[in-house]
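# Tertiary structure, described
One letter stands for each residue in the lines below.
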Amino acid sequence: MFIDATNVGALLMLLIYYSYANLIIENNGYSPTWNEVFTFEIMQSQLAFVRFRILDNPERRVLAQYCISVESIRPGFRIIPLNDIRGKSIPCCNLLCNFSFVE
């Protein structure tokens, strides 16, 4: 399946215990920028996972995704490689995230 990224309104969803959705970036599927901060409390980090999903708008079709355990995330800027819905890596498709933890 081919997706024309010029017409994609990308939506990033971050899920951890609850769902956090951010603003929709219209008509910028090639390099959307969110510049948003998500803060949440984690009770048991051994059991917690973060799932990143990029959704098409308005169909809400999953374009890319990645899931990682919270204990595998290191603080600082990290590149999150994105996969398609079958779990195959999408070339040159990444998220740049800045993680920080407070104990």
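What counts and how
- Residues numbered from 1 in each chain as written.
- Predicted model: local features only at pLDDT ≥ 70, side-chain atom pairs only at ≥ 80, totals over all residues.
- Heavy atoms only, no water.
- Salt bridge = Lys/Arg side-chain N within 4 Å of Asp/Glu carboxyl O.
- Buried < 20%, exposed > 50% of the residue type's maximum accessible area, 1.4 Å probe, protein only.
- Core = buried A, V, L, I, M, F, W, Y, C linked by side-chain atoms within 4.5 Å.
- Helix = DSSP H or I, 4+ residues; strand = E, 2+ residues; numbered from the N terminus.
- Phe/Tyr/Trp six-rings, centres within 6.5 Å; stacked < 30°, edge-to-face > 60°.

## Describing the pattern of salt bridges
Per the counting criterion, the structure on display carries one salt bridge. Between Arg86 and Asp84 there is a salt bridge, with the nearest N and O atoms lying 3.4 Å from each other. On the basis of relative accessibility, which here comes to 63%, the residue Arg86 falls in the exposed class. The class of Asp84 is buried, set by a relative accessible area of 17%.

## A look at the nonpolar core
Core analysis: the biggest nonpolar cluster contains 15 residues, and Phe52, Ile54, Ile80 and Leu95 have the highest contact counts within it. Those elements that place two or more of their residues in this core are β3 (49-55), β4 (62-69), β5 (76-83) and β6 (89-99).

## A few points about the packing of aromatic side chains
Given two aromatic rings, their pairing is described by the distance between the two centres and the angle made by the two planes. Under the definition given, this model contains one aromatic pair. Note on Phe52 and Phe99: the rings are 6.4 Å apart at their centroids and 70° apart in plane angle, and the pair reads as edge-to-face. Of this pair, Phe52 sits in strand β3 while Phe99 sits in strand β6, placing them 47 residues apart in sequence. In terms of burial, Phe52 and Phe99 fall into one category: buried.

Limitation: the analysis is restricted to geometry and does not speak to function.
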